[in-house]
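# A structural walkthrough
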Amino acid sequence: MANIAVFPGSFDPITVGHVELVQRALPLFDRIVVAIGINSQKKYLFSLDERLHWLREVFKDEPKVEVGQFEGLTAHYANQIGARYLLRGLRNASDFDYEKTISQLNTIVGDGVETIFLISQPSYSHISSTIVREIIKGGGDASPFLPEALHEVKL
Ligand code: ADP
């Protein structure tokens, strides 16, 4: 049975922190599905199409990575596509506090789906989509935090 992981997120937008996490996780899985969770209550800076397009561009040369999207519970999506693992990153204690409960719930709701956490490298732990959005909104240059495919991004 293939070891498939879902790496769920908003990716609004994808950052070098996300990419680094996927690269480090690749040896652990046969396939990683980087999937955008669509939450109709949430306001995004970038459209779903833009975010999907960037994910495809960033991972186009990585055969083990697929790009997906889903609505509803992440754990149900994992079940549907036969993924036994969720992949998440931990940058700091607040990530841990938040992720701990979700992971415990997902194991139950997702019928045994396990979350695998990778702790971010120190040089990436300050990078978040939130910070990138703030820089872009403020007219700054966010390119140090963005994969090359997104270097043209401006509002
Ligand atoms: P969400 O909206 O679900 O928080 P994000 O797109 O912000 O989605 O993040 C998706 C995942 O990527 C989360 O597990 C987050 O902790 C992880 N992540 C984001 N930035 C980094 C980083 N710089 N280093 C390691 N993991 C990260």
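Calculation notes
- Residues numbered from 1 in each chain as written.
- Predicted model: local features only at pLDDT ≥ 70, side-chain atom pairs only at ≥ 80, totals over all residues.
- Heavy atoms only, no water.
- Salt bridge = Lys/Arg side-chain N within 4 Å of Asp/Glu carboxyl O.
- Buried < 20%, exposed > 50% of the residue type's maximum accessible area, 1.4 Å probe, protein only.
- Pairing = 2+ DSSP bridges.
- Helix = DSSP H or I, 4+ residues; strand = E, 2+ residues; numbered from the N terminus.
- Axes fitted to C-alpha atoms, helices over the stretch in contact; angles between N-to-C directions.
- Contact = heavy atoms within 4.5 Å.

Here the focus is the pattern of salt bridges. Under the criterion given, the structure shown has 7 salt bridges. The partner of Lys60 in a salt bridge is Glu57, and the shortest N-O contact between them spans 3.3 Å. By relative accessible area, Lys60 is classed as exposed at 55%. Here Glu57 falls in the partly exposed class, since its relative accessible area comes to 32%. Of the charged contacts, one joins Arg88 and Glu99 as a salt bridge, the two residues approaching to 2.7 Å between their closest N and O atoms.

The next subject is the sheet that holds strand S4 (residues 85-90). Sheet architecture is open: 5 strands sit in the order S3-S2-S1-S4-S5, paired in parallel fashion. Both outer strands of the open sheet, strand S3 (65-71) and strand S5 (114-119), are each paired with one neighbouring strand and no more. Each neighbouring strand pair of the sheet contributes to a mean axis angle of 35°, computed without reference to strand direction. As paired elements, strand S1 (residues 4-9) and strand S2 (residues 31-38) share 6 bridges and run parallel to each other. Each bridged residue has a counterpart across the sheet, and for Phe7 the counterpart in S2 is Val34. The sheet strands contacting helix H4 (residues 93-109) are S4 and S5, and the helix crosses S4 at an angle near 170°.

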